[in-house]
Amino acid sequence: MSNPNDIPPAPAAPSDFIRDIVAAHVSEHRYPRIHTRFPPEPNGYLHIGHAKSICLNFGIAREFGGICNLRMDDTNPTKEDIEYVESIQADVNWLISGWAEDRLGLKQHSKVPEEKTAEGKKDFFMPPVFGTSEAERKHSDVKLEPFYASDYFDQIYECAVTLIRKGKAFVCDMTPDQTDEYRRLGKASPFRDRGVEENLDLFTRMKNGEFSDGARVLRAKIIVDAPNIWLRDPLIYRIKHADHHQTGGKWCIYPMYDFAHCISDYIEGITHSICTLEFEVHRPLYDWILEGLDLPRPLPHQYEFARLSLGYTVMSKRKLMQLVQEKLVTGWDDPRMPTISGIRRRGVTPVALRNFAYNIGITKYNGITDVSVLEFAMREDLNKRALRRLAVLRPIKVVITNYPGDKVEELNAVNNPENPVSGGRKIPFSRELFIERDDFQEVPPPKFFRLKPGGEVRLKYAYIIKCEAVIKDAAGHVTELRCTADLDSKTGGATSARKVKGTIHWVSAAHAVDAEVRLYDRLFTVPEPDAGGDFKQHLNPHSLEVITAKCEPSLKDASPDERYQFERLAYFALDYDSKPGKLVFNRTITLKDAWAKEAQKI
RNA sequence: UGCCCGAUGGUGUAACGGUAGCACAACAGACUCUGAAUCUGUUUGUCAUGGUUCAAAUCCAUGUCGGGCAACCA
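Since the structure is predicted, the reported quantities are computational estimates derived from the model, not experimental observations. (Residues numbered from 1 in each chain as written. Chains lettered and ligands numbered in written order. Predicted model: local features only at pLDDT ≥ 70, side-chain atom pairs only at ≥ 80, totals over all residues. Heavy atoms only, no water.)

## Details of the pairing of strand S21 (residues 456–459)
Argument step 1. Note: S21 against strand S22 (residues 464–472), three bridges, orientation antiparallel. When the bridges of S22 are listed, valine 457 appears paired with isoleucine 465.
Argument step 2. Two successive antiparallel strands, S21 and S22, enclose a turn made up of four residues, where tyrosine 461 displays a positive phi of approximately 65°.
Argument step 3. Note that S21 and strand S24 (residues 503–504) share two bridges and pair parallel. In the strand pairing of S24, arginine 458 is matched with threonine 503. (Pairing = 2+ DSSP bridges. Helix = DSSP H or I, 4+ residues; strand = E, 2+ residues; numbered from the N terminus.)

## Brief notes about empty space enclosed by the protein
Argument step 1. Applying the stated criterion to the full structure yields one cavity of 30 Å³ or more.
Argument step 2. By volume, the largest cavity amounts to about 30 Å³.
Argument step 3. Looking at the lining of the largest cavity residue by residue, the classes come out as three nonpolar, two polar and five charged. (1 Å grid on protein atoms, 1.4 Å probe; cavity = no way out; pocket = protein on both sides within 12 Å on 5 of 7 lines; lining within 4 Å. Points joined across faces, edges and corners; volume = space filled by probe spheres on them. Nonpolar A, V, L, I, M, F, W, Y, C, P; charged D, E, K, R; others polar.)

## A closer look at the sheet that holds strand S26 (residues 513–520)
Argument step 1. Judged by pairing direction, the sheet is mixed, and its seven strands sit side by side in the order S15-S28-S29-S30-S26-S27-S16 without closing on themselves. Edge positions in the sheet fall to strand S15 (387–389) and strand S16 (391–392), since each of these pairs with one other strand and no more.
Argument step 2. Bridge analysis of strand S29 (residues 570–574) against strand S30 (residues 583–590) gives five bridges, and the strand direction is antiparallel. Along S30, the bridge assignment pairs alanine 573 with asparagine 586.
Argument step 3. Contacting S15, S29 and S30, helix H13 (residues 371–385) crosses the sheet at an angle of about 120° to S30. (Contact = heavy atoms within 4.5 Å. Axes fitted to C-alpha atoms, helices over the stretch in contact; angles between N-to-C directions.)

## Considerations on helix H8 (residues 257–268)
Argument step 1. Helix length check: H8 (twelve residues) gives 16 Å between terminal C-alpha atoms against 16 Å at 1.5 Å per residue, within 8%.
Argument step 2. Across the twelve residues that make up H8, a large majority, eleven, are buried.
Argument step 3. Considered for burial, the residues of H8 that qualify are Asp258, Phe259, Ala260, His261, Cys262, Ile263, Ser264, Asp265, Tyr266, Ile267 and Glu268.
Argument step 4. One or two steps after H8, the chain reaches glycine 269, where phi turns positive at roughly 75°. (Expected span 1.5 Å × (residues − 1). Buried < 20%, exposed > 50% of the residue type's maximum accessible area, 1.4 Å probe, protein only.)

## A few points about the pattern of salt bridges
Argument step 1. Under the criterion given, the structure shown has 51 salt bridges.
Argument step 2. With its nearest N and O atoms 2.8 Å apart, the salt bridge here joins arginine 385 to aspartate 381. In this pair, arginine 385 and aspartate 381 are both assigned in helix H13, four residues apart and thus about one turn of the helix distant. Neither arginine 385 nor aspartate 381 differs from the other in exposure class; each is buried.
Argument step 3. A salt bridge links arginine 518 to aspartate 577; its shortest N-O distance comes to 2.9 Å. In this pair, arginine 518 sits in strand S26 while aspartate 577 sits in the loop between S29 and S30, placing the two residues 59 residues apart along the sequence.
Argument step 4. What makes arginine 518 buried here is its relative accessible area of 11%.
Argument step 5. For aspartate 577, a relative accessible area of 27% puts it in the partly exposed group. (Salt bridge = Lys/Arg side-chain N within 4 Å of Asp/Glu carboxyl O.)

## Section: the confidence of the model for chain A
Argument step 1. Here chain A shows a mean pLDDT of 95. Residues at 70 or above account for 97%.
Argument step 2. This model gives residues 4–11 a pLDDT under 50, and the stretch forms 17 contacts once residues within four places in sequence are excluded.
Argument step 3. Model confidence for the complex: the whole-complex pTM is 0.96, and ipTM, which rates the interface, is 0.96. (pLDDT = per-residue confidence, 0-100.)

## Overview of the protein's contact with RNA strand B
Argument step 1. Around RNA strand B, a shell composed of 66 residues is seen, among which Trp230, Arg388, Arg450, Thr491 and Lys597 lie nearest.
Argument step 2. Counting only atoms of RNA strand B within 4 Å of the protein, the fraction found in sugar and phosphate groups is 71%.
Argument step 3. The separation between a phosphate oxygen of RNA strand B and a polar side-chain atom of arginine 238 is 2.8 Å.
Argument step 4. A distance of 3.0 Å separates a phosphate oxygen of RNA strand B from a polar atom in the backbone of tyrosine 257.
Argument step 5. At the level of elements, helix H6 (176–185), strand S11 (235–239), H13 and helix H14 (594–601) are the ones that each hand at least two residues to the surface near RNA strand B.
Argument step 6. For the surface near RNA strand B, the class distribution of residues is 24 nonpolar, 16 polar and 26 charged. (Near = heavy atom within 4 Å. Polar contact = N/O pair within 3.5 Å; in protein donor to acceptor, adjacent residues only side chain to side chain.)

Put into structure tokens, the structure is as follows:
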């Protein structure tokens, strides 16, 4: 009933400038169907910025009855790995599950683009398979998988040949440094006017492996001194004698992003190719290539939006990779990481992440989103679904001196006051208890309405107790509190309506189960860790604290599919490091703490 | 330096020539057997200067500031 994948009432569909464009295209019937795509390069783990893009692309598919293809943009084998291909699929599936999974466009394993002739022009088309759920796919005989740009290497190669034949591309023999220099100066390559036959021959020989890496490249012939550098005869193919995680040793030349991406979009029938702002200046090239190929079907178009920047974190793959490699975190899915897998492991629900993506909107403005927006989305969803439990993180012993030593009561507790159908449970109460160390102060500040010498407080679901004596060790540390209970004040009892200002949580010492609890805090101490200098100098040394907590016995049966609120403390999720008999909880996010704020003022 | 893009409270966004609204945050109060949640209320904004117009956040010009691109990366 509180499965993290449950879909709550969906918020009204968001509106932004891209959706406005799509809506206009839908109303004018520009395309038979809206088709987007999410095209990560498998060279790292997906992070929360990708989540924004996933929610946009799949959201549009969902709202306009379209499809969103998952495509690995795998044109640079030396940076990519199958590990990333797999993690990306897992992350996407998790994020769209129960929301847009039926909009996910996949392809049959080993299927290649259909080749046909339309309007006397040669055409390639790679139709999607969609409308399946992850569960269905698992049990199906037909193996479905993401699209891969590498599936189109034959077609992309053919497109390059077409461009050469049309005199729109040439093989260039300059060194990388020379090429840079010439492009910067807006000078034409001396090889620019090579004849078609020579270009064809050289390009074939590039493919056949006759040249070493970097010896030659294929360049588009556009405008050598265009104001937009991406039009200054950009490189579209380079030699790389490297095995590819999908195509193995078949190729030693690989298309550049700009060449592969627009053609991949076209082959898949993408209508709206949505990417981040840094590709804005590439758009004329995207259009130039597709127009130059003289293709029969409607062409896709590129639209750009601002990538996500979040306070107190870093987002670049390079920096995240560095954190992993230098073991500053435990891995890509360390719960402190802004990766989707880290966020998932921390206990954040896909619903919360989607609501976050919805709340931050889509624009072309590069702002920094406050983490409080993410934290709000996390708490909002967790508050609705988390089972309430009593657990004491930093225990101090309490003895109820007027409660019999051999007595145990089973008290009624509510699982979730926000959700009546979640029912209740029993919690054992006995003479010796643990309460939170923070809930007692020998010299309390003003407005402290927890336990203090001579003061009263209610034990949640149990009795009102009064602190009669404070026991200390030789060093003066408080080790134990002696209290008396108002035995008539039991919840539901005779004078249960009696009011005291404070209510605190507790566990019965004899019945408590131990759990390892990992308390996570933000990874960095400053809002913009990568603003300048070395971002690692801003690492928060206290971003992880591991403690052993005392938990109410029902937590023994905690499930990784549930979310828990340890009352008055925080939300927690079971970590996959848990084993039978050894509970490990991750703190997802604390509850708001008005008292901490109040206490700071004093 | 060249080219491209952007600028609305503390933060993120809406308003598409006609009442500057929403969310988060902050603050105050109510309620509370979670100092949570919930409820009520409050504070704070159109980068600047000109122009067009009955009317400008919106259109135009100039400037300022910020971001991006100038990889045989994506």
